[in-house]
Amino acid sequence: IVVGWEYREAGFNSLGPYGSTWTAAEGWESIDLDKPININAEGTMIIGSVNTGGINFFDNFLEAAYWTKESGSVILEEVDFQTEAVDISQSSSTILVNGDVAYLWTEEGGLGPVGESGANMYFDSGTALSRDGETVVGLFESKPAKWTLDLGIQILESPDGTQSEVNDVSGNGSLVVGSQDNRA
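Residues numbered from 1 in each chain as written. Predicted model: local features only at pLDDT ≥ 70, side-chain atom pairs only at ≥ 80, totals over all residues. Heavy atoms only, no water.

A.B. asks: So what exactly am I meant to see when it comes to the overall build of the protein here?
C.D. replies: The helix and strand tally for the protein stands at zero helices and 19 strands. For the protein, the proportion of its 184 residues judged to be buried stands at 43%. Considering only residue pairs separated by 6 or more positions, the protein has 31% of its internal contacts joining residues 24 or more positions apart. Summed over all atoms, the accessible surface of the protein reaches about 10,000 Å², with 48% contributed by carbon and sulfur. (Helix = DSSP H or I, 4+ residues; strand = E, 2+ residues; numbered from the N terminus. Buried < 20%, exposed > 50% of the residue type's maximum accessible area, 1.4 Å probe, protein only. Contact = heavy atoms within 4.5 Å. Areas by Shrake-Rupley, 256 points an atom, 1.4 Å probe, with all protein chains shown as cover.)

Below you can see the structure in the form of structure tokens.
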């Protein structure tokens, strides 16, 4: 299954992206998820965001959501800031969400910030979630970082101090991939 979106025009206003899926059997089909971002391993759950703010997508209010054929779009949790679901665990039980900080969402626990709540230290944004849902990589205080419940926040600084970023994490969280700018 392929996930994407299309823009539709209406007069002077773009009605914004509309989510779509593609399969060899069905071709392109519209879904009621405005901005699909990622899909689970089985292709049964798509995550992203829905526009709850108005007709013009660019004057919108995005809320993190998931979509299944059975349920349609479901907003993860209504909050007073914009959110977007960016990654999903293999079991679909944990979803990485970006908002004012990075969050993990579970059906049992709802949205919880990624970081160390006792110290009031949270990830700026999440880039990827391990397939087991236990490791998040992203930015903490504008630095590449990794988070697990057991170890907390780990800053992933390059040995020579060059600027770097993280892009993904392996299924079990043991390997982080990214890039660094080592131009002199």
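The discussion continues.
A.B. asks: It is not clear to me how the environment of S92 should be interpreted in this structure. Could you clarify?
C.D. replies: One can find S92 in the loop between β8 (84-88) and β9 (94-98). Residue classification places S92 among the buried residues on the basis of a relative accessible area of 14%. Sequence separation of S92 and A41 is 51 residues, and the distance between their C-alpha atoms is 8.5 Å. Here S92 is in contact with N40 and M45, once residues within four sequence places are set aside.

A.B. asks: What is the right way to look at the pattern of salt bridges in this model?
C.D. replies: According to the stated counting rule, one finds two salt bridges in the structure shown. In this structure, K35 engages E84 in a salt bridge whose closest nitrogen and oxygen atoms are separated by 3.1 Å. With K35 in strand β4 (residues 35-39) and E84 in strand β8, this pair connects stretches of sequence that are 49 residues apart. A salt bridge links R131 to D87; the shortest N-O distance between them is 2.9 Å. With a gap of 44 residues between them, R131 in the loop between β14 (125-129) and β15 (135-140) and D87 in strand β8 connect regions that are remote in the sequence. (Salt bridge = Lys/Arg side-chain N within 4 Å of Asp/Glu carboxyl O.)

A.B. asks: Sorry if this is basic, but what is going on with the packing of aromatic side chains here?
C.D. replies: What describes a pair of aromatic rings is the distance from one ring centre to the other and the angle between the planes of the rings. Per the stated rule, a full pass over the model turns up two aromatic pairs. Between the aromatic rings of Y66 and W105, the centroid separation amounts to 6.1 Å while the plane-to-plane angle is 45°, which identifies the pairing as tilted. Of this pair, Y66 sits in strand β6 (residues 62-68) while W105 sits in strand β10 (residues 102-106), and the two are 39 residues apart along the sequence. Here Y66 and W105 have matching classes, each one buried. The interplanar angle of 15° and the centroid separation of 5.8 Å between the aromatic rings of F81 and Y103 together place this pair among those described as stacked. Remark: Y103 occurs in strand β10 and F81 occurs in the loop between β7 (72-75) and β8; sequence separation between them is 22 residues. (Phe/Tyr/Trp six-rings, centres within 6.5 Å; stacked < 30°, edge-to-face > 60°.)

So far we have only geometry, and geometry alone does not tell us how the molecule works.
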